[in-house]
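The lines below spell out each chain.
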There are 2 protein chains.
Amino acid sequence: MEIKVVRNILEANEVIASQNSALFAEKGVYVVNLMGSPGAGKTTLLEHTVEHLKDTRKIAVIEGDIETSRDAERIAGHAIPTVQINTGGACHLDGNMVRSGLKALDLDQIDLLIVENVGNLVCPAEFQIGEHHKVMIISVTEGDDKPLKYPLMFQVSSVLLVNKIDLLPYLDFDMKQFRSDALKVNPKLEIIPISCTTGEGLDAWYRWLEERAS
Amino acid sequence: MEIKVVRNILEANEVIASQNSALFAEKGVYVVNLMGSPGAGKTTLLEHTVEHLKDTRKIAVIEGDIETSRDAERIAGHAIPTVQINTGGACHLDGNMVRSGLKALDLDQIDLLIVENVGNLVCPAEFQIGEHHKVMIISVTEGDDKPLKYPLMFQVSSVLLVNKIDLLPYLDFDMKQFRSDALKVNPKLEIIPISCTTGEGLDAWYRWLEERAS
């Protein structure tokens with residue numbers, strides 16, 4: 001029974017997501033939907049990304065959180081347009097929430113919009129928001145068994161950022177097995193190991209983004 | 001609109017959760033609902049817990065996962081009754097899923113049932129399964145800002161296990177702030193820092209469980 005309800009919600013969401021998508025095309029805005037578990041490093045990655053790209057791209061950020069505007073405050077500190085969406089309990093952003101957030105942005109002045117989804121390895125993967133690409137970030141502290149246990153997010157993402165690789169010496173994380181499992185779930189997945197602490201790997205991520213948001 | 005749908009699901013769930021609860025009371029089974037993000041250390045904690053208690057308590061485990069039976073295989077290796085529930089996409093266990101799982105267990109032969117929920121810091125907190133207590137596990141690698149950003153799970157839990165404290169030297173995690181925020185959200189929360197790697201703190205957790213499952 002519940003699955004039926006979820007299906008109805010998803011269909012209703014698709015309609016709004018398509019409208020967002022058409023608006024982004026009209027305004028020439030490239031949109032990324034950034035997803036991952038709580039604490040995977042989404043906001044820290046965003047801070048680095050914004051700092052690196054803000055001189056060459058007109059960036060804006062939409063922050064999705066259940067409560068608080070902490071993440072938006074961190075991003076707004078980098079002097080770019082930032083919108084906080086509080087979902088008030090909902091465990092993901094949907095097309096309609098993002099549409100509401102867009103009203104607070106001047107899309108004519110934006111090349112690149114990064115939407116940071118609610119921290120959750122499951123539900124955000126089901127809801128389109130009108131984005132061009134889904135990008136997923138996972139930290140190696142979450143364990144190497146995640147691709148087979150939470151396949152949907154790996155399946156729908158174009159890029160997988162594997163964060164906190166500076167902690168690998170202290171963990172029992174099999175990167176080879178992890179990569180192989182992730183590619184089994186999604187053979188087209190681009191996998192980029194990074195550390196937001198040391199900066200390792202971030203250049204490859206910036207390049208990926210720069211090629212698309214131009 | 002979506003919130004209304006969620007409310008209907010929740011009401012329907014309450015009815016089944018109460019039936020589970022009555023069954024547990026009748027059979028004298030103490031039930032814990034273990035929740036936390038992917039990779040917080042739920043299954044590893046369970047392996048330690050089962051190993052420590054299995055000589056003095058009749059334990060059984062229900063494993064909730066979206067896909068795979070990997071976690072159940074890990075637990076079943078400890079020679080206790082184990083049931084795997086694959087939610088097939090759903091991001092939490094609900095009362096009905098647990099009821100289905102109970103059919104595979106002989107409750108007359110069980111003192112303590114631990115239900116490991118789907119890895120997710122959000123949705124599992126909303127769904128009763130008929131448990132006596134909710135226990136939450138978070139790893140310090142997830143960051144110290146979680147209590148205010150994901151308040152519901154902290155609010156509904158009786159115990160908060162703060163895992164992976166062996167990694168604290170390599171992280172920027174303010175335990176004092178974290179405790180204070182967690183207690184702001186739920187003043188009755190019992191907070192137990194642990195490391196499943198070194199074993200630190202686990203005795204306090206075992207004692208908590210032993211006092212209740214007797």
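See the structure above.
Given the structure is predicted, the values throughout are model-derived calculations rather than measurements. (Residues numbered from 1 in each chain as written. Chains lettered and ligands numbered in written order. Predicted model: local features only at pLDDT ≥ 70, side-chain atom pairs only at ≥ 80, totals over all residues. Heavy atoms only, no water.)

Asks: An account of the pattern of salt bridges is needed here, citing residue identities and associated values.
Replies: This model, assessed by the stated rule, comprises 22 salt bridges over all chains. The shortest N-O distance in the salt bridge between A:Arg74 and A:Glu47 comes to 2.9 Å. Here the residue A:Arg74 occupies a position in helix 3 (residues 70-76), and A:Glu47 occupies one in helix 2 (residues 42-53), the gap between them amounting to 27 residues. By relative accessible area, A:Arg74 is classed as partly exposed at 30%. A salt bridge links A:Lys146 to A:Asp145; its shortest N-O distance comes to 2.5 Å. Within the structure, one salt-bridge network assembled from shared partners comprises A:Asp65, A:Asp71, B:Asp145, B:Lys146 and B:Lys149. (Salt bridge = Lys/Arg side-chain N within 4 Å of Asp/Glu carboxyl O. Helix = DSSP H or I, 4+ residues; strand = E, 2+ residues; numbered from the N terminus. Buried < 20%, exposed > 50% of the residue type's maximum accessible area, 1.4 Å probe, protein only.)

Asks: Residues and numbers for the sheet that holds strand 6 (residues 159-163) of chain B, please.
Replies: Backbone hydrogen bonds are what pair the strands of a sheet, in a parallel or an antiparallel way. Residue and element names in this part refer to chain B. If you trace the seven strands from one edge of the open sheet to the other, you get 3-2-4-1-5-6-7, paired in parallel fashion. The open sheet has two edge strands with one neighbour each: strand 3 (82-86) and strand 7 (190-193). Averaged over all pairs of adjacent strands, the angle between their axes in this sheet comes to 20°, without regard to strand direction. In this fold helix 2 (residues 42-53) packs onto strand 1 (30-35), strand 2 (59-65), strand 4 (112-116), strand 5 (133-139) and strand 6, with an angle of close to 170° to the strand it touches most, strand 2. Strands in contact with helix 7 (residues 175-185) are strand 5, strand 6 and strand 7; relative to strand 7, the strand with the most contacts, it is inclined by about 155°. (Pairing = 2+ DSSP bridges. Axes fitted to C-alpha atoms, helices over the stretch in contact; angles between N-to-C directions. Contact = heavy atoms within 4.5 Å.)

Asks: Residues and numbers for the nonpolar core, please.
Replies: One finds A:Phe154, A:Leu160, B:Phe154 and B:Leu160 to be the most contacted residues of the largest nonpolar core, which totals 48 residues. The residues contacting B:Phe154, other than those within four sequence positions of it, are B:Met136, B:Ile138, B:Lys146, B:Pro147, B:Leu160, B:Phe178, B:Ala182, B:Val185, B:Asn186 and B:Leu189. (Core = buried A, V, L, I, M, F, W, Y, C linked by side-chain atoms within 4.5 Å.)

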